[in-house]
Amino acid sequence: MMTRYLALAACAVTPCLACAVLHAQAPAAKKILVAHRGASAYAPEHSAEAYTLAIAQGADFVEQDLAVTKDGVLVSIHDVSLERTTNVEEVFPDRFVEEATAKGPLKRWYVNDFTLAEIKRLDAGSSFDKKFTGTRMLTFQEAIDLVRGKAGLYPELKDPEFYRRRGVDQVRLFADVVKKNGLEADPKTPLIVQSFDEATLRAVGNLLPSVPRVFLVSPQAADRLDSPAKLREIAAWATGIGPSKLIFEKLPDLVAWAHAAKLTVTPWTFRPPAPPQFPTIREEMSYFLFTLGVDALFTDNPDMFPRTK
Ligand code: G3P
Ligand code: CA
């Protein structure tokens, strides 16, 4: 069950006899459902509606992608900037930063250039569907208050390089919120942190050593996972891996290597349309969970998660 997912994560950091017994004798563990940006197939990503629906659909964990406002508040949003998911261009037409890109100049409205009060003026629902007009972005604290006691929290510290360049200590801000809320050890609200950035996970490990840490890996970085020795090295500072689902074809032994290193495996992201070899995403998720043997997965569609084979 979920306890075992967390226990496996924890014993990757501190090997012990109990862990050896757990690995050798545990019955088939419950597979863990992580609602990706909430139930984001059905409601605006990272909205209260998406988080509430994810819990109603049985999510074990609800994901938050975290950015930092100008006044140092963690907020739930996937992107480093506001223009894809909000009406920031209408509300603050002149507050962009223009950047040169290969495709020409690009206007960006960075979260970090706006205070929380300004961000709370934005509509974060109508870009998904007009019926969600009036939806507001959530702070991490509001997300905690909504999810606490009903599911686990699965925050990702986004864009660490961007915040480092700006001198923003994203990990310290995060650790402060976690400690203030007693989330290092809340049996009713398990917490797992994720990042694509090794330095970020190492810093989280220093500040919050009891909190499991999942290393996300994109297809472009698949060589981070291409040998048992590399998995063992990752286990020195992470408790699990979160590979893109596209990596598994090239590395068919990845789950075995990870489990041998006491790392959990949580691929992303499962959403329609299913790839051609699967009739639906339910079958796709079932293949990853029960044939490949992953421990958990991220999906936009929690209601399609197969609890059994
Ligand atoms: O965190 C797992 C998965 O969400 C990583 O991709 O871009 O959706 O944050 P992204
Ligand atoms: Ca994410």
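Residues numbered from 1 in each chain as written. Chains lettered and ligands numbered in written order. Predicted model: local features only at pLDDT ≥ 70, side-chain atom pairs only at ≥ 80, totals over all residues. Heavy atoms only, no water.

### Some details on the packing of helix α6 (residues 140-147) against helix α8 (residues 170-180)
The line we're drawing: Angles here are taken between N-to-C directions and fall from 0 to 180 degrees, while the axes themselves are lines fitted to C-alpha atoms, restricted in helices to the stretch in contact. Numbered from the N terminus, helices here are DSSP runs of H or I no shorter than four residues, and strands are runs of E no shorter than two. Crossings are assigned a handedness: left-handed for a near helix turned anticlockwise from the far helix by less than a right angle, right-handed for a clockwise turn. The contact criterion used throughout is that any non-hydrogen atoms of two residues lie within 4.5 Å. Under the scheme applied, nonpolar residues are Ala, Val, Leu, Ile, Met, Phe, Trp, Tyr, Cys and Pro; charged residues are Asp, Glu, Lys and Arg; polar residues are all the others, including Gly.
One way to put it is that α6 packs onto α8 with a least axis distance of 11 Å and a crossing angle of 35 degrees. Both α6 and α8 take part in a crossing whose hand is right-handed. The residues of α8 that touch α6, namely those facing F140, Q141 and I144, are F174, V177 and K180. For the contact of α6 with α8, the class distribution of residues is four nonpolar, one polar and one charged.

### As for the pairing of strand β9 (residues 240-243)
Note the threshold: Working definition: with a 1.4 Å probe on protein chains only, accessible area under 20% of the residue-type maximum means buried, over 50% means exposed, and in between means partly exposed. The rule for pairing is simple: two strands pair if DSSP sees at least two bridges between them. A crossover counts as right-handed when, viewed with the strands pointing away from the observer, the path leading from the first strand over the helix to the second turns clockwise.
Burial of β9 is two-sided: the residues G240 and G242 facing one way and the residues I241 and P243 facing the other way are all buried. Two strands pair when backbone bridges link them, and strand β8 (residues 213-217) and β9 are joined in this way by four bridges, in the parallel orientation. Counted as the bridge partner of L216 is G242 from β9. As a crossover connection, the stretch from β8 through helix α10 (residues 228-234) into β9 is right-handed. The sheet contact formed by β9 and strand β10 (residues 264-265) spans two bridges and is parallel. What sits directly across from G240, in β10, is T264. For the handedness criterion, the β-α-β arrangement of β9, helix α11 (residues 254-260) and β10 is classed as right-handed.

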